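Observations on chain architecture
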Amino acid sequence: MSMADIRNNFIGIKSPNPFWLASAPPTDKAYNVERAFKAGWGGVVWKTLGEEGPPVVNVNGPRYGAIWGADRRLLGLNNIELITDRDLQTNLREMKQVKMNWPDRALVASIMVPCVEESWKAILPLVEETGADGIELNFGCPHGMSERGMGSAVGQVPEYIEMVVRWCKQYTRMPVITKLTPNITDIRKPARAAHAGGTDAVSLINTINSITGVDLDNFAPQPTIDGKGSHGGYCGPAVKPIAMNMVAEIARDPETRGLPISGIGGITTWRDAAEFMALGAGNVQVCTAAMTYGFKIVQEMIAGLENWMDEKGHASLSDIIGRATPNVTDWQYLNLNYVAKAHIDQDACIKCGRCHIACEDTSHQAITSMVNGARYFEVIEAECVGCNLCVNVCPVEGCITMEPLAAGVVDQRTGKPVSPIYANWTTHPNNPMAKVAAE
C-alpha cells in the first residue's frame, strides 16, 4: 500500500491524481471519456467546443504525421485536426452526464470562440450549466482556426489574451485556465497577459507549428491530402524539452511566479510528470501517450509516481511541485569554478571508439584510441574540458561518467588548483561588463 498521497487540488479543482487528459481527440465524446475514467485518469479537458451554429469541418483523409525513433517508437506526432466537429449541444449534454456519473473526477471544458465579447458571454453560461469544474481557453490551435481569428492567432497577441481572460472572469464563476501557444518568441509575455487579465492558471504547451516530413516521390508534405499538405501541430516525447523550458520560464518569472501551471508536452511516464511538477507544474495533461498506448498507460504513471514518492519520502504532491524551480538559473550565474572531467569505466567499455571519434573530430582531442599498441580508450585529463559529449554519444549507459574535481586539486588542463569559491560570469575578468568587487 502506497503511503504517498497523489490527490490533486489544482486551483480548487479536485482529482484523485494529477494525470489529466488534454483537450484532444481522446476527449471528444462521452464514450472515450468514460473509458478514460474507468482506466483511472484523474480528469479530462473536453475537446475544444466552438460556438453554436454549423459544426467545424475536418478533413476526411489522414490527419497525423509522425516522427519515429530507430525502433519505430513514436517520438513526435503532428496533427491537422481541428476543434470538435460535433454539435455544441451534444457535447454539453454528454459533459453534464459524465460529470454526474463521475463526480470525483475533474472535468474542464476547453473553449474556442471568436474574439468577440458576445461570443464568450453566450457560451459560458451553457458550459457552466453542465457542472464542469472549470474552463480552459484554447489560444493555441496552430492551424485551421487562426484563419478565423481564433486559436494561436489570439495566443500570439498578449493584449487579446488579457481581454478575453477578463471577459471570462466577468461572465463565469468557473476557474479559468488559459492555454498558451508555444509558437511565440517569449512565452512569458502571454503568461503575464493572462495573469494581468485575472486567469486562475495557465496550461502549456499547446502544439508547435510543424511539417513532419515530405514524400520524396510526390514531393508533398505529410500527411498528404490529395497531393497537398499543411502545417500542423507537433506534440509527443520530442516536444517535452521545449515544454519544460517554457513551464520553468513562467514559474521563475518575477511577474508570474506562483501562478498555477498545468504542464503539457510529451508526458509519457511518471518520471516525465514528476519532472514537470518539479519545475513548477501543479498537475499534468497527457494526449499523445494515450493515443499511442491507450488509456491504461495511466495506471503505470500512477504506480510509478507513488513508488518513487514512497522511496524518496515525499508525502504529497506539494513536496515536489516547484522543488526544481529555484535551481533553474541564467547562464551568467553558473559557477565557473566548478570543474568536472570525463571518466571511462574500463570494465563497461565495449571498445567501440565512438567517444574517441566524437572527441577527436568535433571536440578537444581528449580521448585516446591506442595505448601501448592496443585499442584502449581513456580520457587525457590535461585536454578534457568536461563538456560531456562523450557521455552522450556512448552506447553503454553509465560507462562514461563526469567526475567533479575537489577544491584544491590541480586541474591538469589549466595547471591551477580548483577554487572552492563560487564565481560566475558577472564577476569574471574577461567580462567587459564585470562588476568589480569594491576594494
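Here the residue numbers are simple positions, counted from 1 along each chain's written sequence. In keeping with the model being predicted, local features are shown solely for residues with a pLDDT of at least 70 and side-chain atom pairs are shown and tallied solely at 80 or more, while totals for entire chains, interfaces and linings include all residues. With hydrogens and water stripped out, all remaining heavy atoms of the structure feed into the side-chain values.

1. Quick notes on the overall build of the protein chain
Secondary structure counts use DSSP, requiring at least four H or I residues in a row for a helix and at least two E residues in a row for a strand, with both numbered from the N terminus. What the protein chain contains, in helices and strands, is 12 helices and 22 strands. Type-normalised accessible area, obtained with a 1.4 Å probe on protein chains alone, sets the label of each residue: buried when under 20%, exposed when over 50%, and partly exposed for intermediate values. The buried share among the 439 residues of the protein chain stands at 49%. Looking at the protein chain alone, contacts between residues at least 24 apart form 70% of all its contacts between residues at least 6 apart. When the accessible surface of the protein chain is totalled, it reaches about 21300 Å², and 53% of it is carbon and sulfur. Contacts are assigned to residue pairs that have any heavy atoms within 4.5 Å of one another. Here the Shrake-Rupley method, with its probe set to 1.4 Å, supplies the accessible areas, and only the displayed protein chains count as covering residues.

2. Brief notes about the sheet that holds strand E10 (residues 201-204)
Only strands joined by at least two bridges in the DSSP assignment are considered to pair. Pairing is parallel in the closed barrel, where 8 strands are placed in the order E3-E4-E7-E8-E9-E10-E15-E16. On average, each strand axis in the sheet is inclined to that of its neighbour by 25°, with strand direction left out of account. Note that E10 and strand E15 (residues 261-264) share 3 bridges and pair parallel. Paired with Val-202 across the bridge in E15 is Ile-261. For helices, the fitted line uses only the C-alpha atoms of the stretch in contact; every axis is such a line through C-alpha atoms, and the angle between N-to-C directions lies from 0 to 180 degrees. Where helix H2 (residues 88-101) meets the sheet, its contacts fall on strand E4 (43-49) and strand E7 (106-111), and the angle it forms with E4 comes to roughly 170°. Of the strands in this sheet, E10 and E15 are in contact with helix H7 (residues 240-252), which crosses E15 at around 165°.

3. Examining empty space enclosed by the protein
Here a cavity is any set of points on a 1 Å grid over the protein atoms alone where a 1.4 Å probe fits but cannot get out, and a pocket is any open set with protein on both sides within 12 Å along at least 5 of 7 lines; a residue lines the site when it has an atom within 4 Å of a point. Grid points are joined across faces, edges and corners, and a volume is the space filled by probe spheres set on the points. Applying the stated criterion to the full structure yields 3 cavities of 30 Å³ or more. Approximately 460 Å³ is the volume found for the largest cavity. Ser-23, Ala-24, Asn-79, Asn-206 and Thr-207 are the residues nearest the centre of the largest cavity, which is lined by 35 residues in total. Of all the secondary-structure elements, those providing two or more residues to the lining of the largest cavity are E4, strand E6 (74-79), strand E8 (134-138), strand E14 (232-235), strand E16 (283-286) and helix H9 (288-293). Taken together, the residues that form the lining of the largest cavity break down as 18 nonpolar, 13 polar and 4 charged. As a volume, the second largest cavity reaches approximately 120 Å³. Looking at the second largest cavity, it is lined by 15 residues, and the ones nearest its centre are Cys-359, Ala-366, Cys-384, Cys-387 and Cys-390. Classifying every residue of the lining of the second largest cavity by side-chain character gives 10 nonpolar, 4 polar and 1 charged. Put simply, Ala, Val, Leu, Ile, Met, Phe, Trp, Tyr, Cys and Pro go in the nonpolar bin, Asp, Glu, Lys and Arg in the charged bin, and everything else, Gly too, in the polar bin.

4. Some thoughts on the domain arrangement of the protein chain
On domain assignment, one finds that the protein chain holds domain 1 (8-327) and domain 2 (331-418). One C-alpha centre belongs to domain 1, the other to domain 2, and the line joining them spans 42 Å. Boundaries between domains were set according to an automatic or database domain assignment.

5. Structural notes on the pairing of E10
Side-chain alternation along E10 places Ala-201 and Ser-203 on one buried face and Val-202 and Leu-204 on a second face that is also buried. Sheet analysis places strand E9 (residues 176-179) next to E10, joined by 3 bridges and oriented parallel. Each bridged residue has a counterpart across the sheet, and for Thr-178 the counterpart in E10 is Val-202. A crossover connection joins E9 to the parallel E10 through helix H6 (residues 188-197); in handedness this β-α-β unit is right-handed. A right-handed crossover is one whose linking path, passing over the helix from the first strand to the second, runs clockwise when the strands point away from the viewer.

6. Quick word on the packing of helix H3 (residues 117-128) against helix H5 (residues 158-171)
Packed helices, taken two at a time, are described by the angle their axes make and the gap between the axes. Put simply, H3 and H5 touch, their axes get as near as 9 Å, and they point 40° apart. Taken together, H3 and H5 sit at an angle that is classed as oblique. You can see that H3 and H5 cross each other, and the crossing is right-handed. Contacts from Glu-117, Trp-120, Lys-121, Leu-124 and Glu-128 of H3 reach H5 at Val-164, Trp-167, Cys-168, Gln-170 and Tyr-171. Of the residues that constitute the contact of H3 with H5, the class distribution is 6 nonpolar, 1 polar and 3 charged. Angles below 35 degrees are treated as roughly parallel, those above 145 as roughly antiparallel, those between 65 and 115 as roughly perpendicular, and all remaining angles as oblique. We call a crossing left-handed when the near helix sits turned anticlockwise from the far one by less than a right angle, and right-handed when that turn is clockwise.

7. Notes on the layout of surface pockets
Taking a probe equal in size to a water molecule and rolling it over the atoms shows the remaining empty space. Its volume calculated, the largest pocket comes out at about 450 Å³. Around the largest pocket, the lining is made up of 17 residues, and of these Leu-336, Tyr-338, Val-339, Asp-411 and Arg-413 lie nearest the centre. For the lining of the largest pocket, the secondary structure elements donating two or more residues are strand E17 (340-344) and strand E22 (416-417). Class assignment of the residues belonging to the lining of the largest pocket gives a composition of 8 nonpolar, 5 polar and 4 charged.

8. Section: the packing of aromatic side chains
Two rings from Phe, Tyr or Trp (for Trp, the six-membered ring) form a pair when their centres sit within 6.5 Å of each other. Planes less than 30 degrees apart are called stacked, planes more than 60 degrees apart edge-to-face, and all others tilted. Counted according to the given criterion, the structure contains 3 aromatic pairs. Summarising the aromatic geometry, the rings of Phe-10 and Trp-20 are spaced 6.0 Å apart at their centres and angled 85° between planes, so their arrangement reads as edge-to-face. One end of the pair, Phe-10, is in strand E1 (residues 8-10); the other, Trp-20, is in strand E3 (residues 19-21), and 10 residues separate them in sequence. Note on accessibility: Phe-10 and Trp-20 belong to one class, buried. Over the ring of Trp-68 we find Arg-72; its NZ or CZ atom is 4.0 Å from the centre of that ring. Geometrically, a charge over a ring is one whose NZ (Lys) or CZ (Arg) sits within 6 Å of the ring centre while staying within 35 degrees of the ring normal.

9. A closer look at unusual backbone geometry
The omega torsion of the bond from Leu-204 to Ile-205 falls at 10°, within 30 degrees of zero and hence cis. Going from Gln-222 to Pro-223, the amide bond is cis rather than trans, its omega being -5°. Tracing the backbone shows Pro-223 in the loop between strand E13 (220-222) and E14. Positive phi is not limited to glycine here, since Asn-372 has a value of about 50°. Position of Asn-372 among the secondary structure elements: in the loop between strand E18 (370-371) and strand E19 (374-375). Positive phi, close to 65°, is recorded for Asn-388, a residue that is not glycine. Note on placement: Asn-388 falls in the loop between E19 and helix H12 (389-393).

10. Overview of the pattern of salt bridges
Close approach of charged atoms allows side chains with opposite charge to pair. Each reported salt bridge corresponds to a side-chain nitrogen of Lys or Arg within 4 Å of a carboxyl oxygen of Asp or Glu. Applying the stated criterion across every chain, the model contains 21 salt bridges. Note that Arg-173 is salt-bridged to Glu-128, the shortest N-O span being 3.2 Å. With Arg-173 in the loop between H5 and E9 and Glu-128 in helix H3, this residue pair connects regions lying 45 residues apart in the sequence. A relative accessible area of 60% means that Arg-173 is categorised as exposed. Here Lys-341 ties to Asp-411 by a salt bridge, and the two come within 2.9 Å at their closest N and O atoms. Separated by 70 residues along the polypeptide, Lys-341 in strand E17 and Asp-411 in strand E21 (residues 410-411) bring together distant segments of the chain. Neither residue differs from the other here; Lys-341 and Asp-411 are each classed as buried. Among the charged side chains, a salt-bridge network with shared partners connects Asp-186, Arg-188, Lys-189, Glu-249, Arg-252 and Asp-330.

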